[in-house]
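# Structural overview for review
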Amino acid sequence: MNRTTANEMSMTEAIITTEDLTVYYGKQRGIDGVDLQVQKGEVFGFLGPNGAGKTTTQRVLLDLIRPIRGRAEIFGLDCQTEGAAIRERVGYLPGELSLYENMTAHEYFDLIGGVRGRVNDRAYRRQLCEQLDLDPTRRMCAYSRRNKQKVGVVAAFLSEPDLLILDEPTTSLDPLVQRRVLELVRAVRDEGRTVFFSSHVLSEVQAVCDRVGIIREGRLVTTERIDALTERNFRRVRMWFDQTPQPDAFKLEGVKLIEAHENALTFEVYDRMDRFLRAAVEQGLQDIETLPVTLEEVFLAFYGGEE
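Residues numbered from 1 in each chain as written. Predicted model: local features only at pLDDT ≥ 70, side-chain atom pairs only at ≥ 80, totals over all residues. Heavy atoms only, no water.

## Some details on the pairing of strand 10 (residues 219-225)
In terms of strand pairing, strand 9 (residues 211-216) meets strand 10 through six bridges, oriented antiparallel. Residue pairing for strand 10: Ile 214 is matched across the bridge by Thr 222. (Pairing = 2+ DSSP bridges. Helix = DSSP H or I, 4+ residues; strand = E, 2+ residues; numbered from the N terminus.)

## Things to note about the pairing of strand 12 (residues 255-261)
Direction of pairing for strand 12 relative to strand 13 (residues 264-269): antiparallel, over a ladder of six bridges. Residue pairing across strands places Glu 259 opposite Thr 266, the latter belonging to strand 13.

## Observations concerning the packing of aromatic side chains
Within the structure shown, the criterion is met by eight aromatic pairs. Seen from their ring centres, Tyr 108 and Phe 109 are 6.3 Å apart, and the 55 degrees between their planes marks the pair as tilted. Per residue, the accessibility class of Tyr 108 equals that of Phe 109, and both read buried. Note on Phe 241 and Phe 250: the rings are 5.8 Å apart at their centroids and 55 degrees apart in plane angle, and the pair reads as tilted. Judged by relative accessible area, Phe 250 falls into the buried class, the value being 10%. Among the aromatic residues, ring-to-ring pairing joins Phe 241, Phe 250, Phe 267 and Phe 276 into one connected group. The residue whose ring lies beneath Arg 89 is Phe 75, and the NZ or CZ to ring-centre distance is 3.8 Å. (Phe/Tyr/Trp six-rings, centres within 6.5 Å; stacked < 30°, edge-to-face > 60°. Buried < 20%, exposed > 50% of the residue type's maximum accessible area, 1.4 Å probe, protein only. Lys NZ or Arg CZ within 6 Å of the ring centre and 35° of its normal.)

## Regarding the packing of helix 4 (residues 105-116) against helix 5 (residues 122-131)
Relative to each other, helix 4 and helix 5 sit at 130 degrees, their axes nearing to 12 Å. One finds that helix 4 runs oblique with respect to helix 5. Taken as a pair, helix 4 and helix 5 cross one another with a handedness that is right-handed. Here helix 4 contributes His 106, Phe 109 and Asp 110 to the contact with helix 5, which in turn contributes Arg 122, Arg 125 and Cys 129. Its residues placed into classes, the contact of helix 4 with helix 5 shows two nonpolar, one polar and three charged. (Axes fitted to C-alpha atoms, helices over the stretch in contact; angles between N-to-C directions. Parallel < 35°, antiparallel > 145°, perpendicular 65-115°, else oblique. Left-handed = near helix turned anticlockwise from the far one by under 90°. Contact = heavy atoms within 4.5 Å. Nonpolar A, V, L, I, M, F, W, Y, C, P; charged D, E, K, R; others polar.)

## Re the sheet that holds strand 13
Strand order in the open sheet made by the four strands is 12-13-11-14, with antiparallel pairing throughout. The open sheet has two edge strands with one neighbour each: strand 12 and strand 14 (285-291). Across this sheet, the average inter-strand angle for adjacent strands is 25 degrees, counted without regard to direction. On the sheet, helix 10 (residues 273-282) packs against strand 11 (235-241), strand 12, strand 13 and strand 14 and is oriented at approximately 15 degrees with respect to strand 11.

## Points about a nonpolar patch on the surface
Nonpolar side chains collect at one region of the surface, where Tyr 100, Leu 111 and Val 115 lie side by side and expose about 300 Å² of accessible area between them. Note on placement: Val 115 falls in helix 4. (Patch = residues over 30% accessible without salt bridge, like charges linked within 9 Å, V, L, I, M, F, W, Y side chains within 5 Å. Areas by Shrake-Rupley, 256 points an atom, 1.4 Å probe, with all protein chains shown as cover. Salt bridge = Lys/Arg side-chain N within 4 Å of Asp/Glu carboxyl O.)

## Some words on the environment of Asp 210
Relative to the assigned elements, Asp 210 resides in the loop between helix 8 (202-208) and strand 9. Judged by relative accessible area, Asp 210 falls into the buried class, the value being 2%. Along the backbone, Asp 210 and Glu 296 are 86 residues apart, and their C-alpha atoms lie at a distance of 15 Å. Engagement of the side chain of Asp 210 in a polar contact is seen with the backbone nitrogen of Val 43, the distance being 2.8 Å. (Polar contact = N/O pair within 3.5 Å; in protein donor to acceptor, adjacent residues only side chain to side chain.)

Quick look at the structure:
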């Protein structure tokens, strides 16, 4: 499926909107001045290390905590005054999942449906449990951490909500089940619903998300389409020369030599590609190949090698 273009997204409605959203825990900053829009029908990745403000943002959206400044809306409804109406249309998987140990998964799913005011589709429930290889007849206390995570995933998707807020949805899952969770996320997008996807597994974010927001120390650093983000920050190129270039030929600002093997050199170029190419031609450039840059590498560029 082709992902939604920027022009198409600009014409759709915003499902999540925040303006100047600010939370402090005493004197410690949680988030500060977060301006965010998530459009209908997209999977939006929310990235940042532990303590950056990801979970705080999600909790404000669900009215679990209150901001000291700014506003947040979902479906055009104020998150602080109309939280109950919002939560009826939202599926939420928290990063720290708490379950009722004496309940079976089936009983828990019935409870979740009652709280949301929706009758869950039994056929869809069975389909989700089969996809994730979950036996819903067992009590929570008998589940491993992996199976408890599966319960949380099923509960979030079960009512087929208009918006899914997923905090580290594949934590502790084996690779096959991780892949199936990502397939569920793609299916939600294909149906025109929206996903707010927070994960430390950047390869997953790159695989399923249309756009990402990167948050650092409580402030939103950037919001970009993934393809634009990986192209804009730096390019990686491999070049072949008719002879070994002069040692100082590429000592240019914004250019980093990362690998050299005889007449083949690999560079990361952060600025002034035109100047770099002129230098390469002067050194007898024979061929050039552009290499892919991963979201993880871009993320580390923003964080300077931090977690």
